[in-house]
4 protein chains.
Amino acid sequence: MKSVIGTNITLSLYGESHGAAIGAVVDGLPAGIKIDTDFISSQLDKRRPKGKISTQRREGDEFVITSGVFNGFSTGTPVHIMIENKTQRSGDYQPQLPRPGHADYAAHIKYGGFEDWRGGGHFSGRLTAPVVAAGAVAISILAGKGISIGTHIKKCQHIEDRSFENYAEDIALCNTEYFATLDKNAGTAMQQHIESIGADGDSVGGVLETCVLGLPAGVGEPYFNSIESVLSQWLFSIGGVKGVEFGLGFGFADCPGSEVNDAFEVKGGKVVTKTNHNGGINGGISNGMPVIFRVAVKPTPSIFKEQDTVNLETMENAKLSLKGRHDPAIFHRARVVVDSMTALALLDLLVRRYGERWLTE
Amino acid sequence: MKSVIGTNITLSLYGESHGAAIGAVVDGLPAGIKIDTDFISSQLDKRRPKGKISTQRREGDEFVITSGVFNGFSTGTPVHIMIENKTQRSGDYQPQLPRPGHADYAAHIKYGGFEDWRGGGHFSGRLTAPVVAAGAVAISILAGKGISIGTHIKKCQHIEDRSFENYAEDIALCNTEYFATLDKNAGTAMQQHIESIGADGDSVGGVLETCVLGLPAGVGEPYFNSIESVLSQWLFSIGGVKGVEFGLGFGFADCPGSEVNDAFEVKGGKVVTKTNHNGGINGGISNGMPVIFRVAVKPTPSIFKEQDTVNLETMENAKLSLKGRHDPAIFHRARVVVDSMTALALLDLLVRRYGERWLTE
Amino acid sequence: MKSVIGTNITLSLYGESHGAAIGAVVDGLPAGIKIDTDFISSQLDKRRPKGKISTQRREGDEFVITSGVFNGFSTGTPVHIMIENKTQRSGDYQPQLPRPGHADYAAHIKYGGFEDWRGGGHFSGRLTAPVVAAGAVAISILAGKGISIGTHIKKCQHIEDRSFENYAEDIALCNTEYFATLDKNAGTAMQQHIESIGADGDSVGGVLETCVLGLPAGVGEPYFNSIESVLSQWLFSIGGVKGVEFGLGFGFADCPGSEVNDAFEVKGGKVVTKTNHNGGINGGISNGMPVIFRVAVKPTPSIFKEQDTVNLETMENAKLSLKGRHDPAIFHRARVVVDSMTALALLDLLVRRYGERWLTE
Amino acid sequence: MKSVIGTNITLSLYGESHGAAIGAVVDGLPAGIKIDTDFISSQLDKRRPKGKISTQRREGDEFVITSGVFNGFSTGTPVHIMIENKTQRSGDYQPQLPRPGHADYAAHIKYGGFEDWRGGGHFSGRLTAPVVAAGAVAISILAGKGISIGTHIKKCQHIEDRSFENYAEDIALCNTEYFATLDKNAGTAMQQHIESIGADGDSVGGVLETCVLGLPAGVGEPYFNSIESVLSQWLFSIGGVKGVEFGLGFGFADCPGSEVNDAFEVKGGKVVTKTNHNGGINGGISNGMPVIFRVAVKPTPSIFKEQDTVNLETMENAKLSLKGRHDPAIFHRARVVVDSMTALALLDLLVRRYGERWLTE
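What counts, and where the lines are drawn
- Residues numbered from 1 in each chain as written.
- Chains lettered and ligands numbered in written order.
- Predicted model: local features only at pLDDT ≥ 70, side-chain atom pairs only at ≥ 80, totals over all residues.
- Heavy atoms only, no water.
- Pairing = 2+ DSSP bridges.
- Helix = DSSP H or I, 4+ residues; strand = E, 2+ residues; numbered from the N terminus.
- Least-squares fit on C-alpha atoms with pLDDT ≥ 70 in both.
- Contact = heavy atoms within 4.5 Å.
- Buried area = accessible area lost by both parts, 1.4 Å probe.
- Salt bridge = Lys/Arg side-chain N within 4 Å of Asp/Glu carboxyl O.
- Polar contact = N/O pair within 3.5 Å; in protein donor to acceptor, adjacent residues only side chain to side chain.
- Buried < 20%, exposed > 50% of the residue type's maximum accessible area, 1.4 Å probe, protein only.
- Nonpolar A, V, L, I, M, F, W, Y, C, P; charged D, E, K, R; others polar.
- Phe/Tyr/Trp six-rings, centres within 6.5 Å; stacked < 30°, edge-to-face > 60°.
- Lys NZ or Arg CZ within 6 Å of the ring centre and 35° of its normal.
- Arc of directions from axis to C-beta.

### A word on the sheet that holds strand S9 (residues 159–160) of chain A
Sheet architecture is open: 10 strands sit in the order S9(A)-S8(A)-S10(A)-S16(A)-S11(A)-S11(B)-S16(B)-S10(B)-S8(B)-S9(B), paired in antiparallel fashion. Each end of this open sheet is capped by a strand with a single partner; those strands are S9 of chain A together with strand S9 (159–160) of chain B. Two elements, strand S8 (residues 148–156) of chain A and strand S10 (residues 206–213) of chain A, share 7 bridges in a ladder whose sense is antiparallel. If you follow Ser148 of chain A over to S10 of chain A, its bridge partner there is Leu213 of chain A.

### Notes on the relation of the copies chain C and chain D
Rotating chain C by 180 degrees and translating it 0.0 Å along the rotation axis places it on chain D, where the RMSD comes to 0.0 Å. Overall, the copies show the geometry of a two-fold rotation axis. In this assembly the copies share their binding face: 100% of the residues contributing to the interface of chain C also contribute to that of chain D.

### Quick look at the side chain of His122 of chain D
Along the polypeptide, His122 of chain D turns up in the loop between helix H2 (104–111) and helix H3 (128–144). Apart from the residues within four sequence positions on either side, His122 of chain D is in contact with Thr77 and Pro78 of chain B, Pro222 and Tyr223 of chain C together with Leu13, Tyr14, Gly15, Glu16, Asp116 and Leu127 of chain D.

### Section: the relation of the copies chain A and chain B
Turning chain A through 180 degrees and shifting it by 0.0 Å along the axis lays it on chain B, with an RMSD of 0.0 Å. Interface overlap between copies: 100% of the residues of chain A at the interface are likewise at the interface in chain B, consistent with a symmetric, same-surface contact.

### A short note on the interface of chain C and chain D
Interfaces are often sized by the accessible area lost when the parts come together. Facing 99 residues of chain C, the contacting portion of chain D comprises 99 residues. Buried area between chain C and chain D, summed over both chains or domains, comes out near 8,100 Å², and the portion from carbon and sulfur atoms is 60%. It is Tyr223, Phe224 and Lys242 of chain C in chain C that bury the most area against chain D; as a group they hold 12% of the surface buried on that side. At the surface where chain C touches chain D, the tally comes to 10 salt bridges. Between Glu228 of chain D and Lys242 of chain C there is a salt bridge, with its nearest N and O atoms 3.0 Å apart. The interface formed by chain C and chain D includes 56 residue pairs in polar contact (both at pLDDT 80 or more). With 3 bridges joining them, strand S11 (residues 241–246) of chain C and strand S11 (residues 241–246) of chain D adopt antiparallel strand pairing. Directly across from Glu245 of chain C, in S11 of chain D, lies its bridge partner Gly243 of chain D.

### Thoughts on the pattern of salt bridges
Going through the model one piece at a time under the given rule, you end up with 87 salt bridges over all chains. Measuring nitrogen to oxygen at the nearest pair gives 2.8 Å for the salt bridge that ties Lys155 of chain B to Asp254 of chain A. On the criterion of chain membership, the pair formed by Lys155 of chain B in strand S8 (residues 148–156) and Asp254 of chain A in the loop between strand S11 (241–246) and helix H7 (257–260) is interchain, its members lying in two chains. Judged by relative accessible area, which is 19%, Lys155 of chain B ranks as buried.

### Some thoughts on the interface of chain A and chain B
Every contact between the two is made by 99 residues of chain A and, on the other side, 99 residues of chain B. Carbon and sulfur atoms supply 60% of the area buried between chain A and chain B, which totals about 8,100 Å² over both sides. Sorting the residues of chain A by area buried against chain B places Tyr223, Phe224 and Lys242 of chain A first, and these three jointly supply 12% of that buried surface. One can count 10 salt bridges joining chain A with chain B. There are 56 residue pairs in polar contact (both at pLDDT 80 or more) connecting chain A and chain B. Residues belonging to the side of chain A that touches chain B are distributed by class as follows: 46 nonpolar, 32 polar and 21 charged.

### So, the environment of Ser17 of chain D
All names here are of chain D. In this structure, Ser17 sits in the loop between strand S2 (10–15) and strand S3 (21–27). Distance from Ser17 to Ala136, taken between C-alpha atoms, is 22 Å for residues 119 residues apart in sequence. At 3.0 Å, the side chain of Ser17 and the side chain of His18 are in polar contact.

### Quick look at the sheet that holds strand S7 (residues 79–84) of chain B
All names here are of chain B. Spatially, the 5 strands line up as an open sheet ordered S1-S2-S3-S7-S4, and their pairing is antiparallel. Two strands bound the open sheet, and with one partner strand each, they are strand S1 (4–5) and strand S4 (63–67). Bridge count for S1 against strand S2 (residues 10–15) is 2 bridges, and the pairing is antiparallel. What sits directly across from Val4, in S2, is Ser12.

### Examining the packing of aromatic side chains
Scanning all chains against the criterion turns up 36 aromatic pairs over all chains. Taking the centre distance of 5.8 Å and the plane angle of 80 degrees together, the rings of Phe70 of chain A and Trp117 of chain C count as edge-to-face. Within this pair, whereas Phe70 of chain A is found in strand S5 (residues 69–70), its partner Trp117 of chain C is found in the loop between helix H2 (104–111) and helix H3 (128–144), the two belonging to separate chains. Ring geometry for Phe246 of chain C against Phe236 of chain D: centres 5.2 Å apart, planes inclined by 90 degrees, an arrangement best described as edge-to-face. Placement of the pair is Phe246 of chain C in strand S11 and Phe236 of chain D in the loop between helix H6 (227–235) and S11, with the two residues belonging to separate chains. Of the two residues, Phe246 of chain C and Phe236 of chain D, neither departs from the other in class, the shared state being buried. Put simply, the rings of Tyr223 and Phe224 of chain A together with Trp234 of chain B pair up and form one aromatic cluster. Over the face of the ring belonging to Phe73 of chain D we find Lys34 of chain D, whose NZ or CZ atom lies 5.0 Å from the ring centre.

### Structural notes on the environment of Ala106 of chain C
Structurally, Ala106 of chain C is set in helix H2. Those residues in contact with Ala106 of chain C, other than ones at most four positions away along the chain, are Gly218, Asn282, Ile285, Ser286 and Asn287 of chain D.

### Some remarks on H2 of chain C
Since one α-helical turn is 3.6 residues long, residues separated by three or four positions face the same way. Where burial is concerned, most of H2 of chain C is hidden: 6 out of the 8 residues are buried. Turning to H2 of chain C, its buried residues are Asp104, Tyr105, Ala106, Ala107, Lys110 and Tyr111 of chain C. Packed against the buried residues of H2 of chain C are strand S12 (264–267), strand S13 (270–273), strand S14 (281–282), strand S15 (285–286) and helix H8 (331–354) of chain D. A positive backbone phi angle near 65 degrees is found at Gly112 of chain C, which sits one or two residues after H2 of chain C.

### Description of the pairing of strand S13 (residues 270–273) of chain A
Residue and element names in this part refer to chain A. As defined by bridge partners, strand S12 (residues 264–267) adjoins S13 across 4 bridges and the pair is classed as antiparallel. The partner of Lys267 across the bridge, within S13, is Lys270. Adjacent in sequence and paired antiparallel, S12 and S13 are bridged by 2 residues, among which Gly268 carries a positive phi angle near 60 degrees.

### Details of helix H1 (residues 37–47) of chain C
All names here are of chain C. Listed in full, the buried residues belonging to H1 are Ile40, Gln43, Leu44, Lys46 and Arg47. Across the axial projection of H1, the buried residues extend over an arc of 150 degrees, all falling on one side. Structurally, H1 contributes buried residues whose contacts are with strand S4 (63–67), H3 and helix H8 (331–354). Measuring from the side-chain oxygen of the N-cap residue of H1 to the backbone nitrogen of Asp38 gives 3.1 Å; that N-cap residue is Asp36.

### Focus on the environment of Asp36 of chain B
All names here are of chain B. Checked against the element boundaries, Asp36 lands in the loop between strand S3 (21–27) and helix H1 (37–47). A relative accessible area of 38% places Asp36 in the partly exposed class. Measuring from C-alpha to C-alpha, the distance between Asp36 and Glu195 comes to 34 Å, with 159 residues separating the pair along the chain. Of the polar contacts made by the side chain of Asp36, one reaches the backbone nitrogen of Asp38; its length is 3.1 Å. At 3.0 Å, the side chain of Asp36 forms a polar contact with the backbone nitrogen of Phe39.

What is shown is where atoms sit, not what they do.
In structure tokens, the structure reads:
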């Protein structure tokens, strides 16, 4: 399986940046789910470049759902979501000069020169748009079962946001802001920093932090389909994601076990953990606490500074100066992609446990 | 697919810590591979607890290969590797008191009390033994194609090892030492620290760093089967792994794009990158540079300090004092598990590209 | 995996008869395959209703390939083929009266009334059109490796066609005729019979026979991915197919082993079998002889005679008289669907054996 | 995926006829299922050769369950069932002379001579024993949900058994007899015929017919995971199965649509079909009627008559006279394998629909 992911909920992705269309087929969604196209649009809007900190390429992202929805409800058969490409300016690309940090060179070797090199082709970040549309449906379904997801910008170079404290409120905050930080000042500082980096023709990366609230205990499988294994397969498929950690993550290396084991206690008749260093997951399976993870997003590889590359035709060293429309940062736009991938991944694990019918019960 | 992973190379895992046996079925291995049982034994030996820094439980780990090998060579049909459990002391466990940091509670909810709770049951680290045996075969196959893998202990609390420098030499070093660090002094300091932590009844986590040398460019798939997606699915299935990062990983958030883009140059007639911040992977596909990643391993949850827990029968708060045989650290033993998972994961991606016949050509 | 099939070559199918569009995403096709849109059109033409023996619904079947093809060649990334629906007349259907022999009732129970009931919705035979388009690409690839496929109408009620004799010539014959029989007289008799049955408002089924020539020995896997297991999964996904048999198939029950064992002999320095009762497959694996199988297609369930049904709203018995445009037979149009499914299935097995790169070597 | 089948219920198969052991790993079974080892033994007993019509090789088939069962109940984690091989007489085989009708030659080409050729190696019918053991658990689970399965011998050359009439009674009959026919006289005649064929050193094939009673409507998926597609993938993995047909199957080619459409009616407040020509399946999905299918089993390829073959070492024509222990017929022993594969396949589809928890509710 190459461009397909999932067991009970499957996502099949296609398209290229400058081709006729991009899209996704999502299967396994139960019948009878109300499809809220306004919500899908609003999710796509969060992925769209906006303001001074984003590319000036303005994408329409007008989606059509050609299949799997009838009279406003899901039919239970595959949902096909398509977005036509309209603002293609492929004159900006020189295929013989692979862009550092992009997939150009690796794809050239893999596909022997037959790859669609315009704007990164199949590797373009544009392909996350249909994922967001599909994810919006998954988010709605989870919401109907009391499960909510929120992602904020935890870090941008030296500027750090606070972590989740009041889970429900903080998630709500994540889902109302375009450039979502939990500490407003941190957000302002980050945006100013991105603007200044962008003015210099450079780019910047960041860390996103996600909280899933309401996931029942007992979801996920041991080993290869642990929540960590499944979520990371989805999350690393987002272009630019180079790290994923759960709970304390790499911070576990700094602490003795006695401080991070998450002791149990009975609270309100329910078993909870006093701390949540494990991010709601033990042995790959949810323990009923909020699921917490972080994703590292590298700086946009498209920068306006001159870079060293090679000319693949002459096999000589060369200089590359990018033109066109590029973002100095993409992590704030990747937030909604993380939410979408997370919702689809968890929905798959939930269906394994409760069956397709549970979802609409 | 629950306990099964892989597309062209599949691994199916079974067993419990105190059951009759643990084992794995590996399929997709090409016919005609010489099966070096001494090498398998030596790999299992690296996973075994040793010295003062490990549990005093001494496991035999004597494996049998019941199938898929004939006259010393792989037959091309499923290889079944089994390890009988011999030194079970299940009297040490109290199922009604879930151990903090372990899968006990999550498994109890998931399986409704029917789980084998002795020693963590199916969730026990013992199940990595058959993975190591299977991985040894994969490592041999890759070695025959010029691909080598090495993992060292990058960090244990405040003590850090140096990173890979001379790749081939450093990988060789990793594969000769039991407690492998690239800087001998760091290794000594870490072992002393673990010993002291262990004497205190506590435990400690760490960070492992892996290098894969010789992987050809063009391996991996865009999106869901990117090298990052595939490797992370395998790596997060190792108990205690809570973070995975490639190249700079979370460090990408600290740097501008201009510093981390890995410019290309022609060297000896070949295209290489001047730096390797992306860890040999662009767009999910290998670019021919060494693949570098790090894995965060949490402290062993089994500690000898008294911990708070709940009594699942009475639903009251309770105290738990563990007895038995436990490691103050497991990351040094997890090294060979990481190598094994990595070899199996990459073999799967290589077969997708070159076919099963390439492996023995 | 619901609407997705295949391991190395995957097909993801979507759409409904009266929705906006139907389509397929095919992934795993190697880069650098010349995409012959004329051949795709000519294959779609074979699936189209024609002449007096077919429905008067005239479908355009104009396909667009939105992705995965660049400058006329496959890029190696997912190919998306879409066909817009244009001639929808949904006024012809009464959803509360499930049509006997159709999926209407089973779908109603499965999807709880949310199914798109217009024209059979997702279950419509129209969804085979994108499969044929995808299959055309697979057929081209196989042809480039010396593998050819042909299907003729073996039987229609009492009228029988002869079996394959001169494989290469007979396959060529199958691929030039719209209503392909190997014996011209049988074909004429069948068409007259279908016309007469259709005039009576009734329908008729048949048996198709397929030959694959040039498949190398050693393809297929033991057990669950035997050629028979894989092909039958694809073939039974064609609506109306209710039987699949390989070689002598059900005829094996009539013969002693001594007559049907396919003795080996050396011929021209190669090992061949003297007979081919096993249809080119032993133990699930190709033996180098032509692969022969037959597929039973039931009569079109849409007939113009009044039928008994139930009213799902009132839960009372009811009468149903179909109007609209229906075929008295569809097996002759299913021929090219069988060829397409076969080509995709075998391509998947071939890639497992030889890798994606073999295909364009 | 090679030796693995299933989505939510997976079966992983390993072993060779004369290797140390054969076995299966079954995952996805819910926790809390009582494991009835006596029933497993009695099912294995039905697969065992018995009486004059079977090989004189007497197999112990003593199984052990090493994992996934605790205190007599399934744990919810992988169940490993193993059968050690004890009565191996590999001196009977000559690997350079491939046996006609067996996998020997195809396997030799596929695995390049590294295959375990003793007794057919991995292709041996012995591997169905662990499938039967696994299937016994699935049959128990289905029985707990009111779903029963029975298979009788429909045909052996010219001798035919009657078809299912009183479903529940007939299924009970199938499950009490070793050589199960619905008409006792047909069974006696078949056994005499097999005995006489066997005395002549020859072998004979047959047709099995299966009924599944109690499967709720709405199970199965359109297209690639239709009940027909899924069941046939499982059934064709049984060695010697060369045909599968549902309902009327190939008989559909003989009838007009008006006679075989299965009109609906309301009966006892429920929707049923007046006839069941479609074998309980419409559009790939169960309609609530009994599921009926037939499987063609070819004659045992091992016969005692001299056969033509080739010498793979000298590449010259050769004569082969088999010695050893062989069955003149295997279809009566394949009955329980069909039941087992059917139970596992349907359980997988049921879990997709109702979730793992439904099974024990």
